[in-house]
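Observations on the three-dimensional arrangement
Spelled out, the chains give:
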Amino acid sequence: MLELNVQTLAFFVFALFVLGGGLGVITTRNLVHGTLYLILSLFGVAGFFVLLSAPFLAVVQVLVYIGAIAILIVFAVMLTRSMTSLHEVVNRQWVLSAIVAVLLFVMLTVTIILPVWGQDGSLAGQPVSEVVATTTDLGKALVDGNQYVLPFEVASLLLTAAMIGAIVIARDDE
Amino acid sequence: MIPLWMYLLVAAALFCMGAYAVLARRNAVAILMGVELMLNAVNINLVGFWRYQQPLNMAGQAFAAFVFVIAAAEAAVGLAIIISVYRQRKSVIPDEADTLKG
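Quick caveat: nothing in here was measured; it's all calculated off a predicted structure.

Things to note about the interface of chain B and chain A
Taken residue by residue, the interface counts 69 residues in chain B and 88 residues in chain A. Summed over both partners, the interface of chain B with chain A comes to about 7,200 Å²; 78% of that surface belongs to carbon and sulfur atoms. Between the two partners, chain B and chain A, sit 0 salt bridges. Our enumeration of links across chain B and chain A arrives at 8 residue pairs in polar contact (both at pLDDT 80 or more).

Regarding helix H6 (residues 149-170) of chain A
Residues and elements named next belong to chain A. A rise of 1.5 Å per residue sets the reference length of H6, with its 22 residues, at 32 Å; its end C-alpha atoms lie 32 Å apart and thus fit the reference within 8%. Along H6, the residues that are buried comprise Ala-155, Ala-162 and Ala-166. The arc enclosing the buried residues of H6, seen along the axis, measures out at 30°, which places them on a common side. Residues of H6 that are exposed and angled more than 90 degrees away from the buried face: Leu-150, Leu-157, Ile-164 and Ile-167.

Thoughts on unusual backbone geometry
Even without a glycine there, the phi angle at Ser-53 of chain A is positive, about 50°. By relative accessible area, which is 24% here, Ser-53 of chain A ends up partly exposed. Phi is positive for Lys-90 of chain B, which is not a glycine, with a value near 55°.

Quick notes on the packing of aromatic side chains
Under the criterion given, the structure shown has 11 aromatic pairs over all chains. When the centroid spacing of 4.8 Å and the interplanar angle of 80° are considered together, the rings of Phe-11 of chain A and Tyr-7 of chain B count as edge-to-face. Residue Phe-11 of chain A is located in helix H1 (residues 6-27), and its partner Tyr-7 of chain B is located in helix H1 (residues 4-24); the two belong to separate chains. For the pair Phe-11 of chain A and Tyr-7 of chain B, one class covers both residues: buried. Summarising the aromatic geometry, the rings of Phe-14 of chain A and Phe-17 of chain A are spaced 6.2 Å apart at their centres and angled 75° between planes, so their arrangement reads as edge-to-face.

Concerning the side chain of Ser-41 of chain A
Among the secondary structure elements, Ser-41 of chain A is positioned in helix H2 (residues 31-51). Among all residues touching Ser-41 of chain A, those that are not within four sequence positions of it are Phe-17, Val-18, Gly-21 and Gly-22 of chain A together with Leu-14 and Leu-37 of chain B.

Points about the packing of H2 of chain A against helix H3 (residues 55-79) of chain A
Residue and element names in this part refer to chain A. For the pair H2 and H3, interaxial distance at closest approach is 9 Å and the crossing angle is 170°. By the angle between their directions, the pair H2 and H3 is classed as roughly antiparallel. Contact residues: H2 offers Leu-31, Val-32, Thr-35, Leu-38, Ile-39, Leu-42, Phe-43, Val-45, Ala-46, Phe-49 and Val-50, while H3 offers Leu-57, Ala-58, Gln-61, Val-62, Tyr-65, Ile-66, Ala-70, Ile-73, Val-74 and Val-77. For the contact of H2 with H3, a count of residues per class yields 19 nonpolar, 2 polar and no charged.

Looking at the domain arrangement of chain A
Each domain of chain A was delimited in the assignment, giving domain 1 (1-89), domain 2 (90-131) and domain 3 (133-174). Between domain 1 of chain A and domain 2 of chain A, the C-alpha centre-to-centre distance is 21 Å.

With respect to the nonpolar core
Ranked by size, the top nonpolar core spans 72 residues in total, and within it Phe-11, Phe-48, Leu-57 and Ile-73 of chain A together with Tyr-7 and Val-47 of chain B carry the most contacts. The set of elements that each furnish at least two residues to this core consists of H1, H2, H3, helix H4 (94-117) and helix H5 (135-143) of chain A together with H1, helix H2 (28-53) and helix H3 (59-89) of chain B. Per-element tally for this core: the top contributor is H3 of chain B, with 13 residues. Two domains share this core, each providing at least three of its residues, namely domain 1 (1-89) and domain 3 (133-174) of chain A. In this structure, Ile-26 and Ala-101 of chain A together with Met-17 and Tyr-20 of chain B belong to the second largest nonpolar core, which totals 7 residues.

The rules behind each value
- The residue numbers shown here count from 1 along each chain, following its written sequence.
- Chain letters start at A and ligand numbers start at 1, both assigned in the order the entries are written.
- Reporting in this predicted model follows two pLDDT cut-offs: at least 70 for local features of residues, and 80 or more for side-chain atom pairs to be given and counted; totals over whole chains, interfaces and linings ignore these cut-offs and use all residues.
- Values reported for side chains reflect all heavy atoms of the structure, with hydrogen atoms and water molecules removed beforehand.
- In what follows, residue pairs with any heavy atoms lying within 4.5 Å of each other are defined as contacts.
- We define buried area as the total accessible area lost by two parts upon association, computed with a 1.4 Å probe and summed across both.
- For salt bridges, the criterion is a side-chain nitrogen of Lys or Arg within 4 Å of an Asp or Glu carboxyl oxygen.
- Whenever a nitrogen or oxygen atom comes within 3.5 Å of another N or O atom, the pair is scored as a polar contact, on the condition that within protein one atom can donate a hydrogen and the other can accept it, and that pairs from neighbouring residues in sequence are kept only if both atoms are in side chains.
- The helix count covers DSSP runs of H or I at least four residues long, the strand count covers runs of E at least two residues long, and both are numbered beginning at the N terminus.
- Any helix carries an expected span of 1.5 Å times its number of residues minus one.
- To sort residues, take the accessible area from a 1.4 Å probe on protein chains only and compare it with the maximum for the residue type: under 20% means buried, over 50% means exposed, and anything in between is partly exposed.
- To be clear, the arc concerns the directions from the helix axis to the C-beta atoms.
- Think of it this way: a Phe, Tyr or Trp ring, Trp meaning its six-membered ring, pairs with another when their centres are within 6.5 Å, and the plane angle makes it stacked under 30 degrees, edge-to-face over 60, tilted otherwise.
- Each axis is a line fitted through C-alpha atoms, and for a helix only the stretch in contact is used; angles between axes span 0 to 180 degrees, taken between their N-to-C directions.
- Here the angle decides the label: under 35 degrees means roughly parallel, over 145 means roughly antiparallel, 65 to 115 means roughly perpendicular, and every other value means oblique.
- Asp, Glu, Lys and Arg are counted as charged, while Ala, Val, Leu, Ile, Met, Phe, Trp, Tyr, Cys and Pro are counted as nonpolar; the rest, among them Gly, fall into the polar class.
- Note that domain bounds follow an automatic or database assignment of domains.
- Nine residue types can take part in a nonpolar core, namely buried Ala, Val, Leu, Ile, Met, Phe, Trp, Tyr and Cys, and a core is a set of them joined through side-chain atoms within 4.5 Å.

This is the structure we're talking about:
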């Protein structure tokens, strides 16, 4: 089964970050604390990227998610100050939502676990390749005419449009 | 090495937490946080499957990079809308933004 080494230990620590942060986001009343929990969760995901040998994505996760999106959320929380700690955290349909979320989790768990301990056990002991593409390969793939250059340009266009749209929507036009 | 199904299990739990936040929280900022959690769960899955199934094909990492872009765009526009609604109605509760309700 699992041998106890640094990698396994790091996985469980990061899993604790991810799930504990997520649990904090959905339960805290004070949204400032909720944002800090969100940052913890995002940091755990960055750790997962390191363990999965995707260092570039881990750095981008810290820079873009924690450095930009989480800070944006902090600003939104501060600008809507009177709403930061609502008396009621959840709406009327929260019981139904909880049931849906738990059922979804059970369903996903069954579909993840079954192939592992199922008849063939195909995913359980599959050898994992030691040869991994590097960040250089990712950079080349993103600008390669036969691979992702068109989605890459469309994504940058979308980002520009979203930034202009955000400025126009949030601007205070008296 | 950690088996793939453990990453998938963590991602599934994170996705369900995000789904619950989107469905049940009253504050629109908390709903956006739930969306971010769900996008992160998807990213764990993309990178996990990339590493364990196709570590030489860049599709997994490239798609994860595009998810980052979409998440940034979504957060910027979503928070702009929230701030704009708050300025007009002094509220960020989606149930109370019902001007278009018949």
